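Chain residues, written in single-letter form:
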Amino acid sequence: MSQTTLDQAAQATPPRAARRIKGLSDRAIAWIFVGPTIFLLLAINIFPLIWTINLSFTNFKANRANRAVEYIGFRNYERILTDSDIWLSMQATAHFLFWTIFFQVLIGFTLAWLINKKFKGNDLWTTIIVLPMMLSPAVVGNFWTFLYQPQIGLFNYVVAFFTGADPSSFEMLGSVNLAPWSIVIVDTWMWTPFVMLICLAGLRSIPDYIYEAAEIDRASKLRQFFTITIPMVLPFLMLAVLFRGIENFKMFDLVVQLTGGGPGSVTELASINLKREAFEKWRTGYSSAFAIILFVTVFGLASIYVKALNKVKER
Amino acid sequence: MRNMKLATVSALSLAAAGLPPATAQAEDLTLCWAAWDPANALVELSKEFEAESGHSMSFEFVPWPNFADRMLNELNSGGKLCDLLIGDSQWIGGGAENGHYVKLNDFFDSEGISMGDFADATVYAYSTWPKGSPNYYALPAMGDANGWFYRKDWFAREDIQADFKAATGRDLAEPTSQKELLEIAQFFQGREIDGQTVYGAAIFTERGSEGITMGITSALYPWGFKYENTPGSYDMEGAVNSPEAVEALEFYKEFYQTATPPGYTNSYMGESLDAFKSGQVAMAMNWFAFFPGLYADPNTGGDKIDFFVNPPQNQAGSTLGGQGISVVAYSDKQDAALEYIKWFAQPDVQAKWWDLGGYSAHKSVLEGDGFEASAPFAGDFLEAMDAVQDFWQEPAYAELLLAMQKRMHDYVVADQGTAKEALDLLIEDWTEVFEDEGKL
């Protein structure tokens, strides 16, 4: 049938065009197909990257188009790397990144392991658990600010119920000590289901016969868990960590909605700092250098991580 | 060809019949401003302009927290969204130097619009660049300053008055100094009124845009804060971190820690209004622009509310708000936009502007008979405008503002470092900005 269709298409092609296409090499045809994609990639990824690198060596400010642009060498990079505020924002980012991933993997895997057990209402629970990740970060940020409200917030009342503390005696978003944890809690609440789904896919990919063989060998449940479940789910878990790591390194919307980077600057993550430098202070050259530093950091870490992931998969 | 001839003949006939030339065509003008109460009043007022001129008006109102971001992006990208812009006073330097605003001197001269007809403080703050020079880039559109309002009904209650007298040894009344203001706020903090716990005052602590800076300068100015030792010198050491500035900053932090509602860590105009209207606080700071709406509020307005100017300490001082109206240089409808400004500058239009809830800066309104009696806050407004101070209006104002937002929030809300350290760091930040600008 497909042969007939091809024949019909060949017959319908005008002779001159057919000759032209017939004369093209495989490589040329490949370029015709790949060309538009490469063009788009160059236009919207590579060119801006090169342009950003170029700007990072200048004192350019996008809101001062009339001002002469000067090349200032590595001064922007030097300023960034010696700026204590930048390092504080990197520290805040590292805190956020580490703890969100830690909790999401821990809770996400546990939930996946529980959901993987066959029980009544299994599908319903899965649907309920994945709901938070379907919400918009702006919506989540907004309603969590109400939940964290010291006078009327449900979160404070729940904590007060279990600890006996006065609900308005602590401020999750206003306290320097609690605010970094408040954003970790919200991100964990929102994105744990994502990690759970990936882990669930991993758990369901393990064939039953492996467990059956282990049972025959009289391996305990604990041993089965550590020698079968964990190693076989590990590539999936590592993939989830990679996705969440990249996402949270550039986290912006949720945290801006929750704390705006405050109190003071304790939750001012690198991406928030970058946005302020680029589009509020309009220090385009400086922020370009900052963006390049962040890009190199993420790219470098992700490359190392992907190599490790491939090794785990090969095992 | 025949159609072409017909069209030409028709066009000539119409021109001969005296129809307006192309430049006088009805335009659809877009006016950009912040989304707040006075903007609604301006929509109402502008209907008269539409009827008189034949032009139609569209409005682009952006909520305050996003207003600067949105509009400065628009200007920096040479956008044509706005034909007229009521931009914040601090934008005037950038608007003028970056060519975003049309210079209005020739237009004012040709139309007989005199800046002498407007309150001096508003002309200086909203229209001129360089500051105080006779180079006008805006017409004063909306006078404004940061003021205070309070629960008059609570202040009048005998039991509360007696408690206050017992606690402080003086009568409970509108504060006459910043320290009295704090004392009153602390008195109300955590007090039970009608079975509800209430708090002292709502002040500005917002981190993201300009909130905490506007709040803190309301304490700094009465203490005698100055940005430079000599105006125009950018010599900040000893001025920005003077002992008076340190004391004012410590005062504001004490105010925040001892006299504001719990969780009041990132609050600006909206939160202040909400706290007051919900009966949570005895006093609140906010811009005069909101006062007509507050007075009209059915629950906490009318007899229950009264207003006072930001109290002095070492001197009188209020933080300037308000805006001028400018013609955007990228607009294709500049003639029609200038027509709007000419219409808006008329004394009778300015009088209606005040009646509708806008704050006219025209002397015919402000100095008119009965102005002070026209609203319970009108006298306070005049008093405030006599002692207003504004933030830097430099082209790099956004950098200067964000640096102050950070340093002040770090000190007041995040409780990091001392007041002196915060101000020293602020000088470092500002010095770096002015060095980048080539001004130091």
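Rules of the game
Residues numbered from 1 in each chain as written. Chains lettered and ligands numbered in written order. Predicted model: local features only at pLDDT ≥ 70, side-chain atom pairs only at ≥ 80, totals over all residues. Heavy atoms only, no water. Helix = DSSP H or I, 4+ residues; strand = E, 2+ residues; numbered from the N terminus. Rg over C-alpha atoms; globule rule 2.2 N^0.38 Å. Contact = heavy atoms within 4.5 Å. Buried area = accessible area lost by both parts, 1.4 Å probe. Salt bridge = Lys/Arg side-chain N within 4 Å of Asp/Glu carboxyl O. Pairing = 2+ DSSP bridges. Axes fitted to C-alpha atoms, helices over the stretch in contact; angles between N-to-C directions. Parallel < 35°, antiparallel > 145°, perpendicular 65-115°, else oblique. Left-handed = near helix turned anticlockwise from the far one by under 90°. Buried < 20%, exposed > 50% of the residue type's maximum accessible area, 1.4 Å probe, protein only. Disulfide = S-S within 2.5 Å.

Asker: Tell me about the overall build of chain A, and please be specific about residues and values.
Answerer: Helix and strand counts for chain A stand at 14 helices and 0 strands. At 26 Å, chain A has a C-alpha radius of gyration far larger than the 20 Å of a compact globule built from 315 residues. Reported as C-alpha extents along the three principal axes, the dimensions of chain A are approximately 85 × 75 × 35 Å. Of the contacts formed within chain A by residues at least 6 apart in sequence, a portion of 67% connects residues at least 24 apart.

Asker: Talk me through the interface of chain B and chain A; I want residue IDs and the actual numbers.
Answerer: Facing the 30 residues of chain B at the interface are 30 residues of chain A. Interface area for chain B against chain A, summed over the two sides, is near 2,400 Å², with a carbon-plus-sulfur share of 36%. When the area that chain B buries against chain A is broken down by residue, the three leading residues are Arg207, Glu399 and Asp436 of chain B, summing to 20%. We note a salt bridge from Glu437 of chain B to Arg67 of chain A, for which the minimum N-O separation is 3.8 Å.

Asker: Tell me about the sheet that holds strand E2 (residues 56-62) of chain B, residues and numbers included.
Answerer: All names here are of chain B. Taken together, 5 strands build an open sheet; the order of strands is E2-E1-E3-E11-E4 and the sheet is mixed. Either end of the sheet is taken by a strand with one partner, and the two such strands are E2 and strand E4 (139-142). Here the average twist between neighbouring strands, direction ignored, is 30°. Across the sheet, helix H3 (residues 64-76) touches strand E1 (28-34), E2, strand E3 (84-88) and strand E11 (323-327), and the angle it forms with E2 is around 120°.

Asker: Explain the packing of helix H7 (residues 137-147) of chain A against helix H9 (residues 179-204) of chain A to me, using residue names and the numbers behind them.
Answerer: Residue and element names in this part refer to chain A. In contact at an axis separation of 11 Å, H7 and H9 are set at 130° when each is read in the N-to-C sense. Of the possible angle classes, the one that applies to H7 and H9 is oblique. Seen along the crossing, H7 lies across H9 with a hand that is right-handed. From H7, Pro137, Val140, Phe143 and Trp144 reach across to H9, where they touch Ile185, Val186, Trp189 and Met190.

Asker: For the pairing of E11 of chain B, give the residues involved together with the corresponding values.
Answerer: Residue and element names in this part refer to chain B. Of all the 5 residues making up E11, 5 are buried; the element is thus mostly covered by neighbouring parts of the structure. Burial along E11 is two-sided: Gln323, Ile325 and Val327 and Gly324 and Ser326, pointing in opposite directions, are all buried. By the bridge criterion, 5 bridges tie E3 to E11 in an arrangement that is antiparallel. Residue pairing for E11: Asp88 is matched across the bridge by Gln323. Two strands pair when backbone bridges link them, and E4 and E11 are joined in this way by 3 bridges, in the antiparallel orientation. By the bridge assignment, Pro140 is partnered in E11 with Gly324.

Asker: Explain the state of the cysteines to me, and be specific about the residues and the numbers.
Answerer: Residues and elements named next belong to chain B. According to the stated counting rule, one finds 1 disulfide over all chains in the structure shown. Here Cys32 is linked by a disulfide to Cys82, with a sulfur-sulfur distance of 2.0 Å. Looking down the S-S bond of the Cys32 and Cys82 bridge, the torsion is -95°, so its handedness is left-handed. One end of the pair, Cys32, is in strand E1; the other, Cys82, is in the loop between H3 and E3, with 50 residues separating them in the sequence.

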